[in-house]
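# An overview of the molecular structure
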Amino acid sequence: MNNVSATKPYQKRRRFSPEFKADIVAECLEPGASVSRISLENGLNTNMVRRWINEARRAPKRSGFVSVALPAATSAPSNQSVPDKRSTIRIKIPRAGGSVVVEWPAEQAHQCAALLRDLLG
């Protein structure tokens, strides 16, 4: 009598980069997204992806504040009626619904920085 046994070959554990995990989690958190479908499309175990989502939710939130080097403030001549483009701080913030643009006089850079710290912090 011949006994034939079929065993699965050893499958090495896959490792995923933090960037890949973050992309999958972000895709799963989209409104109407199916974690099962996204897992299947990427050849991943659904339970593993759900664990990634839970870990991402428990992770400490990182501040979106980015330090910006500002040019030295210069005083504009008093007879100039149109503001000089170089004396204005202009920050463009991309968002899903469209960009937000903040323009602020360079002379008041410290107030602009305080506003951004309050908004992003």
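Scroll up for the structure.
Description of the structure in this document. (Residues numbered from 1 in each chain as written. Predicted model: local features only at pLDDT ≥ 70, side-chain atom pairs only at ≥ 80, totals over all residues. Heavy atoms only, no water.)

## Describing the overall build of the protein chain
Under the convention used in this document: Strands here are runs of E lasting at least two residues and helices are runs of H or I lasting at least four, both read from the DSSP assignment and numbered beginning at the N terminus. Throughout, exposure labels follow a simple rule: accessible area from a 1.4 Å probe, protein chains only, divided by the maximum for the residue type, with under 20% read as buried, over 50% as exposed, and the rest as partly exposed. Working rule for contacts: check all heavy atoms of both residues, and any pair within 4.5 Å makes them a contact. All accessibility values rest on the Shrake-Rupley procedure with a 1.4 Å probe; residue burial counts only the protein chains present in the view.
A tally of helices and strands in the protein chain yields four helices and two strands. Among the 121 residues that make up the protein chain, the fraction classed as buried is 15%. Across the protein chain, contacts joining residues at least 24 apart in sequence account for 36% of those joining residues at least 6 apart. For the protein chain, the accessible area works out to roughly 10,600 Å², and carbon and sulfur atoms hold 53% of it.

## Observations regarding helix α1 (residues 18-28)
Put simply, the test is: The arc in question is formed by the directions pointing from the helix axis toward the C-beta atoms.
All of the buried residues along α1 are Ile24, Val25 and Cys28. Down the axis of α1, the buried set is contained in an arc of 100 degrees. They therefore lie on one face. Along α1, the residues that are exposed and aim more than 90 degrees away from the buried face are Glu19 and Asp23. Buried residues along α1 sit in contact with α2 (35-41) and α3 (46-58).

## Some remarks on the pairing of strand β1 (residues 88-93)
The two faces of a sheet get side chains in turn, since along a regular strand they alternate between them. The cut-off we apply is this: Strand pairing requires that DSSP identify at least two bridges connecting the strands.
Pairing of β1 with strand β2 (residues 100-105), which is carried by six bridges, proceeds in the antiparallel orientation. The residue bridging Ile93 from the neighbouring strand is Val100, located in β2. Taking the residues between adjacent antiparallel strands as the criterion, β1 and β2 are bridged by six residues, where Gly98 takes a positive phi near 140 degrees.

## Focus on the nonpolar core
Rules: We call a set of buried residues a nonpolar core when its members are Ala, Val, Leu, Ile, Met, Phe, Trp, Tyr or Cys and they connect through side-chain atoms within 4.5 Å of each other.
The biggest cluster of nonpolar side chains holds 10 residues, and these are Ile24, Val25, Cys28, Val35, Ile38, Leu44, Met48, Val49, Trp52 and Ile53. Mapped onto this core, the elements with two or more residues apiece are α1, α2 and α3. The element best represented in this core is α3, accounting for four residues. With residues near it in sequence (within four places) discarded, Ile38 still touches Ile24, Glu27, Cys28 and Ala33. Of all hydrophobic cores here, the second largest spans five residues; its members include Ile89, Ala106, Cys112 and Leu116.

## Digging into the packing of aromatic side chains
Quick note on the threshold: Only Phe, Tyr and Trp rings are paired, with Trp represented by its six-membered ring, and only when their centres lie within 6.5 Å; those with planes under 30 degrees apart are stacked, over 60 edge-to-face, the remainder tilted.
Under the definition given, this model contains three aromatic pairs. Ring geometry for Phe16 and Trp52: centres 5.4 Å apart, planes at 70 degrees, overall edge-to-face. Linking Phe16 in the segment before α1 with Trp52 in helix α3, this pair joins segments that are 36 residues apart in sequence. The exposure class assigned to Trp52 is buried, which follows from its relative accessible area of 4%. Taken together, the ring pairs connect Phe16, Phe20 and Trp52 into an aromatic cluster.

## A word on the pattern of salt bridges
Applicable threshold: By salt bridge we mean one thing: a side-chain nitrogen of Lys or Arg within 4 Å of a carboxyl oxygen of Asp or Glu.
Per the stated rule, a full pass over the model turns up three salt bridges. Here Glu41 ties to Arg37 by a salt bridge, and the two come within 3.0 Å at their closest N and O atoms. Of this pair, Glu41 and Arg37 both sit in helix α2, four residues apart, which is roughly one turn of the helix. For Glu41, a relative accessible area of 52% puts it in the exposed group. Here Arg51 makes a salt bridge to Glu55, at a shortest N to O gap of 3.8 Å.

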